[in-house]
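Coordinate analysis (summary)
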Amino acid sequence: HERKHALGIDLGTTNSLVAAVRSGSVEPLSDAEGRSLLPSVVYYGAEEIQTGYTALDQVQKCSADTLQSFKRLMGRGIKDVDPMGYQLLESDEGMVRFSTSAGAISPVQASAEILKQLASRGEATLGSAIDGVVITVPAYFDDAQRQATKDAATLAGLNVLRLLNEPTAAAVAYGLDSGQEGIVAVFDLGGGTFDISILRLNKGVFEVMATGGDTALGGDDFDRAIAEWGMAQLGV
């Protein structure tokens, strides 16, 4: 009856968080300041790396070295992505890299820093080492994007137990596995993606009937569209 500890991680475009089952219920784990969310931001300075809220403070000072929304570039080549205001480089592996003061950084490396921070929070809260993690991914992530997510976890020293589609995770979180039956549509609108999954529920069992979505349509795109509209109205 060996007892193991696992964490659930939502590696988001804008924010990330980590949760665990404690006393029979799922509980988001907070940092020392009581914050459950961790901004998905990493600052790569010449001599230090910062993540989360401290990295967010560097956005205005060192925007080229402060990486945001890098989840959108996971598993992507330079010809397939929007530069998002960064200087991007090609790599031998085919995945795009950011040019920073710390050198060429891939989205996998940046994601690994966020995963390390979340895992450290989980270990500190649970008071023990972590045996594995379940990471949520957009339903419309392709094989390259899913593999890049696994690579980020491996780089962070984490054992991936499973990748779970975000709409399915949302259905579980809202109790749709509690015996309800029928067909349910679950929308997932995030910072970088917009997904839908059609689930059939039968006595607590999920069947994913169909998934669809756009991995380049989310809050970032809405913000940009509004900003461009505003500038057009002002004649800028």
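Everything here concerns the structure above.
Presented here is an overview of the structure given in this document.

Conventions and cut-offs
- Residues numbered from 1 in each chain as written.
- Predicted model: local features only at pLDDT ≥ 70, side-chain atom pairs only at ≥ 80, totals over all residues.
- Heavy atoms only, no water.
- Phe/Tyr/Trp six-rings, centres within 6.5 Å; stacked < 30°, edge-to-face > 60°.
- Helix = DSSP H or I, 4+ residues; strand = E, 2+ residues; numbered from the N terminus.
- Buried < 20%, exposed > 50% of the residue type's maximum accessible area, 1.4 Å probe, protein only.
- Lys NZ or Arg CZ within 6 Å of the ring centre and 35° of its normal.
- Expected span 1.5 Å × (residues − 1).
- Contact = heavy atoms within 4.5 Å.
- Polar contact = N/O pair within 3.5 Å; in protein donor to acceptor, adjacent residues only side chain to side chain.
- Pairing = 2+ DSSP bridges.
- Axes fitted to C-alpha atoms, helices over the stretch in contact; angles between N-to-C directions.
- Core = buried A, V, L, I, M, F, W, Y, C linked by side-chain atoms within 4.5 Å.

**Quick notes on the packing of aromatic side chains**
Enumeration over the complete set of coordinates arrives at two aromatic pairs. Between the aromatic rings of Tyr86 and Phe98, the centroid separation amounts to 5.1 Å while the plane-to-plane angle is 80 degrees, which identifies the pairing as edge-to-face. Taken together, the positions of Tyr86 in the loop between strand E7 (66-68) and strand E8 (88-89) and Phe98 in strand E9 (residues 97-100) put the pair twelve residues apart, joining distant regions of the chain. By the burial criterion, Tyr86 is buried, and Phe98 matches it. We note Arg35 situated over the ring of Tyr53; from NZ or CZ to the ring centre the distance is 3.9 Å.

**Regarding helix H3 (residues 143-155)**
Taking 1.5 Å as the rise per residue, H3 with 13 residues should run 18 Å; its terminal C-alpha atoms sit 18 Å apart, in good agreement. Looking at the buried side of H3, the elements it contacts are helix H2 (107-126), strand E11 (132-137) and strand E12 (160-165). Two or three places before Ala144, at the opening of H3, Asp142 has a side-chain oxygen 3.2 Å from that residue's backbone nitrogen. Phi for Gly157, located one or two positions after H3, is positive at around 80 degrees.

**Side note on the sheet that holds strand E5 (residues 41-44)**
A sheet is described by the order of its strands in space; here three strands give the open sequence E6-E5-E7, paired in antiparallel fashion. Strand pairing shows two members of the sheet lacking a second neighbour, strand E6 (49-51) and E7, which therefore form its edges. Pairwise comparison of adjacent strand axes, ignoring direction, gives a mean angle of 20 degrees for this sheet. As defined by bridge partners, E5 adjoins E7 across three bridges and the pair is classed as antiparallel. Directly across from Tyr43, in E7, lies its bridge partner Thr66. The strands touched by H2 within the sheet are E5, E6 and E7, with E5 carrying the most contacts at an inclination of about 115 degrees.

**Notes on the environment of Glu93**
Following the sequence through the fold, Glu93 ends up in the loop between E8 and E9. In sequence terms Glu93 and Asp214 are 121 residues apart; their C-alpha atoms lie 25 Å from each other.

**Side note on unusual backbone geometry**
Positive phi, normally seen in glycine, also occurs at Ser23, with a value near 55 degrees. With respect to the secondary-structure elements, Ser23 resides in the loop between strand E2 (15-22) and strand E3 (25-28).

**Focus: the nonpolar core**
Core analysis: the largest hydrophobic core is formed by 38 residues, its most contacted members being Ile9, Leu67, Leu115, Ile135 and Leu158. Secondary structure elements with two or more residues in this core: strand E1 (6-10), E2, E5, H2, E11 and H3. Top contributing element to this core by residue count: H2, with seven residues.

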